[in-house]
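The residues making up each chain are set out below.
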Amino acid sequence: MDVGQMQRQWLDYTRSLFIEGFLDNQFLQLQQLQDENNPEFVVEVVSLFFDDSERLLKDLNFALDQQGVDFKKVDAHVHQLKGSSSSIGAQRVKNACIAFRNFCEDQNVEACLRCLQQVKQEYCLVKNKLETLFRLEQQIVAAGGSIPMMELGF
């Protein structure tokens, strides 16, 4: 596959992530902060998001598994996950966190457990999608090409 084909594949794949609601414009804004002085900026920020999310999901699992659930603690973890997912543009994770926080307010353990599963699923999906996107970028660069820029609102 030549560089032009890989770049088109990258553009099509990236568009699909927006159309399917995995990402929002915040991700494009993150990409615009990347330049030749810091070519790994987006990968680094998203990797921090992955690490943070893994820790928060474990903390949520533990907190909801306790006999007397501390809903303030659960809500604080969900709030943090919502913020970090919002900061990289992981729209579906953010939206799942919003629903989760509503059930924390209601102190509904069963609903919180269902929401946790939904958040985990959305997180795994976006993680896989972004890892695929980054692999495509590596292939383009390895072939001597550059990553195309997407416009806000493409």
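Residues numbered from 1 in each chain as written. Predicted model: local features only at pLDDT ≥ 70, side-chain atom pairs only at ≥ 80, totals over all residues. Heavy atoms only, no water.

> I would appreciate a short explanation of the overall build of the chain in the present structure.
Across its full length, the chain holds 6 helices and 0 strands. Mapped from its N terminus to its C terminus, the chain presents α and β elements in the order α-α-α-α-α-α. Across the 154 residues that make up the chain, the buried fraction comes to 39%. Long-range contacts, defined as pairs at least 24 residues apart, comprise 69% of the intrachain contacts of the chain with a sequence gap of at least 6. (Helix = DSSP H or I, 4+ residues; strand = E, 2+ residues; numbered from the N terminus. Buried < 20%, exposed > 50% of the residue type's maximum accessible area, 1.4 Å probe, protein only. Contact = heavy atoms within 4.5 Å.)

> Where do I start with the packing of helix α3 (residues 41–64) against helix α6 (residues 109–142) in this structure?
When two helices pack together, their arrangement is given by the angle between their axes and by how far apart the axes lie. Where α3 contacts α6, the axes come no closer than 11 Å and their chain directions differ by 160°. Taken together, the axes of α3 and α6 lie roughly antiparallel to each other. For α3 against α6, the interelement crossing comes out left-handed. On the side of α3, the interface is formed by V42, V43, V46, F49, F50, S53, E54, L57, L60, N61 and L64, while α6 contributes C112, L113, L116, V119, K120, Y123, K127, L130, E131 and F134. Broken down by class, the residue content of the contact of α3 with α6 amounts to 15 nonpolar, 2 polar and 4 charged. (Axes fitted to C-alpha atoms, helices over the stretch in contact; angles between N-to-C directions. Parallel < 35°, antiparallel > 145°, perpendicular 65-115°, else oblique. Left-handed = near helix turned anticlockwise from the far one by under 90°. Nonpolar A, V, L, I, M, F, W, Y, C, P; charged D, E, K, R; others polar.)

> Help me understand the UniProt feature "modified residue: Phosphohistidine" (unreviewed entry) in the chain in this model?
When the UniProt feature table is mapped to this numbering, "modified residue: Phosphohistidine" (unreviewed entry) covers H79. Assignment of secondary structure puts H79 in helix α4 (residues 71–88). (UniProt positions renumbered as here; feature names shortened; annotations may be inferred.)

> Explain α3 to me, please; I cannot follow it from the model alone.
Note that an α-helix has 3.6 residues per turn; residues three or four places apart therefore point the same way. For α3, spanning 24 residues, the distance from its first C-alpha to its last is 34 Å, which sits close to the expected 34 Å at 1.5 Å a residue. Listing the buried residues of α3 in full gives V42, V46, F49, F50, D52, S53, L56, L57, L60, A63 and L64. Contact partners of the buried residues in α3: α2 (25–32), α4, α5 (91–106) and α6. (Expected span 1.5 Å × (residues − 1).)

> Quick question: what am I supposed to make of the packing of helix α1 (residues 3–19) against α6 here?
Contact pair α1 / α6: the axes reach a minimum separation of 10 Å and the direction vectors enclose 160°. With respect to each other, α1 and α6 are oriented roughly antiparallel. For the crossing formed where α1 meets α6, the hand is left-handed. Across the interface between the two elements, M6, Q7, Q9, W10, Y13, T14 and L17 of α1 pack against K129, T132, L133, L136, E137, Q139 and I140 of α6.

> Honestly, the nonpolar core in this entry has me stumped. Any pointers?
When a protein is soluble and globular, its nonpolar side chains tend to lie buried together. Formed by 44 residues in total, the largest nonpolar core has its most connected members in L23, F27, V46, V74, F100 and L130. The element that contributes the greatest number of residues to this core is α6, accounting for 11 residues. The residues contacting V46, other than those within four sequence positions of it, are F27, L30, I88, L130 and F134. (Core = buried A, V, L, I, M, F, W, Y, C linked by side-chain atoms within 4.5 Å.)

> Is there a simple way to explain unusual backbone geometry in this structure?
Both trends apply: most residues other than glycine have a negative phi, and most peptide bonds are in trans. The phi angle at Q107 is positive, at roughly 55°, despite the residue not being glycine. Within the fold, Q107 resides in the loop between α5 and α6. By relative accessible area, which is 53% here, Q107 ends up exposed.

> Explain the packing of aromatic side chains here, please?
Aromatic rings in a pair are described by how distant their centres are and how their planes are angled relative to each other. Under the defined criterion, the tally for this structure stands at 3 aromatic pairs. Ring geometry for F49 and F50: centres 6.0 Å apart, planes at 50°, overall tilted. Accessibility classification places F49 together with F50 in one group, the buried group. Residues F50 and Y123 carry aromatic rings whose centres are separated by 6.2 Å and whose planes lie at 80° to one another, so their mutual orientation is edge-to-face. (Phe/Tyr/Trp six-rings, centres within 6.5 Å; stacked < 30°, edge-to-face > 60°.)

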